[in-house]
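A look at the structure
Chain by chain, the residues run as shown.
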Amino acid sequence: MSNFIPVTRSSMPSFEEYIEEIRGLWDSRWLTNNGGKHQQLKAGLARYLDVEGLELFVNGHISIELALQALSLRGEVITTPFTFASTTQAIVRSGLTPVFCDIDPVTYTMDTSKLERLITDRTCAILPVHVYGNVCAVEKIAEIAANHGLKVLYDAAHAFGVRYRGRGIGRFGDLSCFSFHATKVFHTIEGGAACFRDEALGVRLARLKDFGINGPEAVDEIGANGKMNEFCAAMGLCNLRHIGEEIEKRRRVAERFRTRLEGVAGIQLNPIQPEVETNYAYFPAVFDPETFGADRDQVSAALEAQGVKPRKYFYPLTSAFSCYGGRFDPAETPAALRISRQVLTLPLYADLPLETADRICEIILSCREGRK
Ligand SMILES: *Cc1c(COP(=O)(O)O)cnc(C)c1O
């Protein structure tokens, strides 16, 4: 197993740094419910993410569910199927109906040229995803939402630390939800945050993540338990100290992949978006079997045979999940369907050696030799 290369590997602070961070908890015995670490992390993240308001959660998924609830939505939510299970499940579990918009085949985010025709009198919100940290067409989405009186909630789980036109990505839309899961660029083991401008939304979110409790004898809303505990917040405080280095190390690996794979016929790489400061969260490669000479599954198998574990991320589309029992038709989003069949995300984490990145590229390029 020593040669096995996983698709991701969590960054961790030194053992000593984490122990130092949690030491005080043995004195305070304050382990959850808005403790000192929680408050410190909340302030540090609001600064780093460059947002006005922020609430922490026990995971990213519950932040999306409670954000949907805080917006008091009913009816249809326009979203994309090229995402993680969480986005669509949050909509359905909230009693809302997802309506799938196709994606732009270059940025993999919502194709706004196909968005307006999906709006009906039942539409209440738009839930786009900043896939792989690529920034959605935020201005166009804001314009369409304003014209139709719709709320906008961004799934920003992939976009930690991303900046657009010098501003934190969490500033766009009514709310933006981040995930701090162990596999993400920044993590708190499990965790998440919702960012917002409207203070009243923040008050509502804080209440909803604590069972809707509004004082010792008042429970005003049907909430959930979405609170982040002190051990997770402590991990976040440690990781936040090293976030600059984390992103820089990822950049070096991603640049290495790009140098080796850029311009190869039949491979499409993540776009370099103008005015975007990215976070190198993922390195997707899209294989056009005709031009490249091998399809995604062949490339994936070749890598796995050499102990490298890439991921078909996102495949299948969420609209094709068996849990939805054929309610949705993946063929209605043809670009998303094609990309999901052709994409492979390569292993990418801060400590991935550059020689390993080279080896991965060699295996990928060698797949062309079998072409007929
Ligand atoms: C990780 C992720 C989530 C869910 O976050 P958790 O913290 O794992 O609950 C939601 N959406 C996307 C796109 C994700 O990648």
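Coordinates for the structure precede this section.
Along each chain, residues carry numbers from 1 onward, in the same order as the chain's sequence is written. Residues qualify for local features only when their pLDDT is at least 70, as the model is predicted, and side-chain atom pairs are given and counted only at 80 or more; totals for whole chains, interfaces and linings, by contrast, use all residues. Note that water and hydrogens are dropped before the side-chain values are worked out from all heavy atoms of the structure.

Let us now look at the overall build of the protein chain. Each helix and strand counted, the protein chain has 13 helices and 13 strands in total. Overall size of the protein chain, expressed as C-alpha extent along the three principal axes, is 75 × 55 × 40 Å. Should any heavy atoms of two residues lie within 4.5 Å, those residues are considered in contact. Sequence separation of at least 24 residues holds for 71% of the intrachain contacts in the protein chain that already meet a minimum separation of 6. Per-residue accessibility takes into account occlusion by the displayed protein chains alone, with areas from the Shrake-Rupley method and a 1.4 Å probe. When the accessible surface of the protein chain is totalled, it reaches about 16500 Å², and 50% of it is carbon and sulfur. For the purpose of counting charges, residues Lys and Arg are taken to be positive, whereas Asp and Glu are taken to be negative. His and the chain ends are not included. In plain terms, the charge of a residue is placed at NZ if it is Lys, CZ if Arg, CG if Asp and CD if Glu. Within the protein chain, the 46 negative side-chain charges are centred at a point lying 2 Å from the centre of the 42 positive side-chain charges. Secondary structure elements are defined from DSSP: runs of H or I of at least 4 residues count as helices, runs of E of at least 2 residues count as strands, and each element is numbered from the N terminus.

Let's shift gears to the layout of surface pockets. There is about 500 Å³ of room inside the largest pocket. Surrounding the largest pocket, 33 residues form its lining, Phe84, Thr183, Lys184, Tyr282 and Tyr313 being those nearest its centre. Looking at the lining of the largest pocket, the elements with two or more residues in it are α4 (60-70), α5 (85-93), β8 (175-179) and β13 (343-346). Of the residues belonging to the lining of the largest pocket, the class tally is 14 nonpolar, 14 polar and five charged. The way it works is a 1 Å grid over only the protein atoms, where trapped points that fit a 1.4 Å probe form a cavity and open points with protein on both sides within 12 Å along at least five of seven lines form a pocket, and then any residue with an atom within 4 Å of a point lines it. Grid points are joined across faces, edges and corners, and a volume is the space filled by probe spheres set on the points. Classes in brief: Ala, Val, Leu, Ile, Met, Phe, Trp, Tyr, Cys and Pro nonpolar; Asp, Glu, Lys and Arg charged; the others, Gly included, polar.

Moving on: the side chain of asparagine 239. Position of asparagine 239 relative to the elements: it lies in helix α8 (residues 230-241). Buried residues are those whose accessible area, probed at 1.4 Å on protein chains only, stays under 20% of the maximum for their type, while exposed residues exceed 50% and partly exposed ones sit between those limits. Classification of asparagine 239 as buried rests on a relative accessible area of 9%. Setting aside residues no more than four positions away along its own chain, asparagine 239 makes contact with Ser11, Met12, Pro13, Phe186 and His187.

To continue, consider the sheet that holds strand β6 (residues 163-164). At least two DSSP bridges between two strands are needed for those strands to be called paired. If you trace the three strands from one edge of the open sheet to the other, you get β7-β6-β11, paired in antiparallel fashion. For this open sheet the edge positions go to β7 (167-168) and β11 (276-277), each flanked by a neighbour on one side alone. Strand direction decides the pairing type here: β6 and β7, joined by two bridges, are antiparallel. When the sheet's bridge partners are listed, arginine 163 is paired in β7 with glycine 168.

Counting 61 residues, the largest nonpolar core has Leu41, Leu45, Leu54, Phe82, Phe160 and Phe180 as its most contacted members. Counting residues per element, the ones that place at least two in this core are α3 (36-49), β1 (53-57), α6 (138-148), β5 (151-155), β9 (192-196), α8, α9 (243-261) and α12 (334-342). What phenylalanine 180 contacts, discounting residues up to four positions off in sequence, is Leu45, Leu56, Phe160, Phe186, His187, Thr188, Ile189, Glu190, Gly191, Gly192, Ala193 and Met228. What we call a nonpolar core is a set of buried Ala, Val, Leu, Ile, Met, Phe, Trp, Tyr and Cys residues that are connected through their side-chain atoms within 4.5 Å. Formed by 28 residues, the second largest nonpolar core is a distinct cluster that contains Leu269, Ala285, Val299 and Ala357.

Before going further, it helps to examine the site of the ligand. We call a residue near a molecule or strand whenever a single non-hydrogen atom of that residue lies within 4 Å of it. Every one of the 15 residues lining the ligand counts as a neighbour, but Gly60, His61, Asp155, Ser179 and Lys184 are closest to it. The definition of a polar contact used here is a pair of N or O atoms within 3.5 Å, where within protein one atom must be able to donate a hydrogen and the other to accept one, and adjacent residues in sequence count solely through side-chain atom pairs. Between histidine 61 and the ligand, the recorded distance is 2.8 Å, taken from a backbone N or O atom to an oxygen atom. At a separation of 3.3 Å, an oxygen atom of the ligand approaches a polar side-chain atom of tyrosine 313. When isolated, the ligand has an accessible area of 380 Å², and the protein chains bury 93% of it.

It is worth spelling out the pairing of strand β2 (residues 76-79) at this point. Residue alternation in β2 divides its side chains into two sets, Glu76 and Ile78 and Val77 and Thr79, and both sets are buried. Direction of pairing for β2 relative to strand β4 (residues 123-127): parallel, over a ladder of four bridges. Each bridged residue has a counterpart across the sheet, and for glutamate 76 the counterpart in β4 is threonine 123.

Let us now look at the sheet that holds strand β12 (residues 283-287). Strand order in the open sheet made by the three strands is β10-β12-β13, with antiparallel pairing throughout. If you trace the sheet from one side to the other, it starts and ends with β10 (267-269) and β13, each paired once. Shown here is a sheet whose adjacent strand axes are inclined to one another by a mean of 30°, direction ignored. One ladder, built from four bridges, connects β12 with β13; its direction is antiparallel. Looking at β13, one finds that alanine 285 is bridged to leucine 344. Note on method: axes are straight lines fitted to C-alpha atoms, helices fitted across the in-contact stretch only, with angles between N-to-C directions ranging 0 to 180 degrees. The strands that α9 touches are β10, β12 and β13; relative to β12, the one it contacts most, it runs at about 20°. Lying over the sheet, α12 contacts β12 and β13, oriented at roughly 50° with respect to β13.

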